[in-house]
Amino acid sequence: MQVLRRLVFFTIHASLLILVLPLVSSSQEQSKTTSHASKKDNNHKLSSKLMFEITLHGFLLWASMGFLMPVGILVIRMSNRVECGRRLKFLFYAHATLQILAVLIATAGAVMSIKNFNNSFNNYHQRIGVALYGIIWLQALVGFVRPQRGSKGRSVWFFMHWLLGTAVCLLGVLNIYTGLQAYHEKTSRGIRFWTIIFTAEMSFLAFIYLFQDKWLHIQKQGVVLGNEPIMPNDQEISPSDKQKELKILTC
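By the naming in an unreviewed UniProt entry, the chain goes by Cytochrome b561 domain-containing protein and is assigned to Castanea mollissima. What the UniProt record of the chain gives under Subcellular location (unreviewed entry) is the line "Membrane".

Structure follows, in structure tokens:
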């Protein structure tokens, strides 16, 4: 557990270091003076193969960080109020399957980025992506070394798993937005439609996330608890009881 804790701290510090690295430009880039017209010409010269690879890279990262990972979190949160052992086991394996798929798909997107793109790390999308890939695999490692319930290191493991999972989700969503911006700068194509669609999806998932905490409370509103006194309404009071109340009032 000490080794795992050091590994977590090292990965977090390394990721933060990557994110705050200053923007370094090479001497070749400083000597280049390209006009707006020449940028448009370069955009038009993008091959159809490169366009397909950029689009596929974006789709893979959306499927991983923008869909499977958040849905996996929503699934495991459903187990907090489940008492049936069979259903609890199903939710756990569904969560693990979704997260493993998300890690594999994100890794495929990372391999595509390293192999086919110019990784100069001169923008936030690439730098956040490097930190994100490291945290994703660390999160997967932490998930596989899960201690048994009731063991000494279970609380520490749970906190690390929660912290890394939260960081992955936040950085993943942020990197999708920066990826859309990088796509716009690379291709000069509009991204407003996809930005609106992704924002609507994230808003819907956030609503479900918040609604999960209130669902049990909403269900209890129509249930009378054992120690709660039952207050009869006007329709449940018999005529004789009403006459007794009137006599008491007149006295």
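Caption draft 1: Expanded view of the environment of histidine 161. Residue position: histidine 161 is located in helix H7 (residues 154–187). Through-space distance from the C-alpha of histidine 161 to that of arginine 146 is 9.1 Å; in sequence the pair is 15 residues apart. If near-sequence neighbours (up to four positions away) are discounted, histidine 161 is found in contact with His95, Gln139, Val142 and Gly143.

Caption draft 2: Seen up close, the packing of helix H6 (residues 124–144) against H7. Put simply, H6 and H7 touch, their axes get as near as 9 Å, and they point 150 degrees apart. When the interaxial angle is binned, H6 and H7 end up roughly antiparallel. Between H6 and H7 the crossing geometry is left-handed. Residues of the contact of H6 with H7, tallied by class, amount to 14 nonpolar, ten polar and no charged.

Caption draft 3: Representation of the nonpolar core. Counting 31 residues, the largest nonpolar core has Met65, Met69, Leu132, Ile136 and Val168 as its most contacted members. Secondary-structure elements contributing two or more residues to this core are helix H4 (48–77), helix H5 (85–116), H6, H7 and helix H8 (192–220). Residues contacting isoleucine 136, with those up to four places away along its chain left out, are Met65, Val103, Ala106 and Val168. In terms of nonpolar packing, the next biggest core, distinct from the first, is built from six residues, Met51, Leu180, Tyr183 and Ile191 among them.

Caption draft 4: Quick peek at the side chain of histidine 95. Tracing the sequence through the fold places histidine 95 in helix H5. Residue histidine 95 is classed as buried on the basis of its relative accessible area of 12%. With residues up to four places along the chain from it excluded, the contact list for histidine 95 reads Gly72, Ile73, Val75, Ile76 and His161.

Definitions and limits used
Residues numbered from 1 in each chain as written. Predicted model: local features only at pLDDT ≥ 70, side-chain atom pairs only at ≥ 80, totals over all residues. Heavy atoms only, no water. UniProt positions renumbered as here; feature names shortened; annotations may be inferred. Helix = DSSP H or I, 4+ residues; strand = E, 2+ residues; numbered from the N terminus. Contact = heavy atoms within 4.5 Å. Axes fitted to C-alpha atoms, helices over the stretch in contact; angles between N-to-C directions. Parallel < 35°, antiparallel > 145°, perpendicular 65-115°, else oblique. Left-handed = near helix turned anticlockwise from the far one by under 90°. Nonpolar A, V, L, I, M, F, W, Y, C, P; charged D, E, K, R; others polar. Core = buried A, V, L, I, M, F, W, Y, C linked by side-chain atoms within 4.5 Å. Buried < 20%, exposed > 50% of the residue type's maximum accessible area, 1.4 Å probe, protein only.

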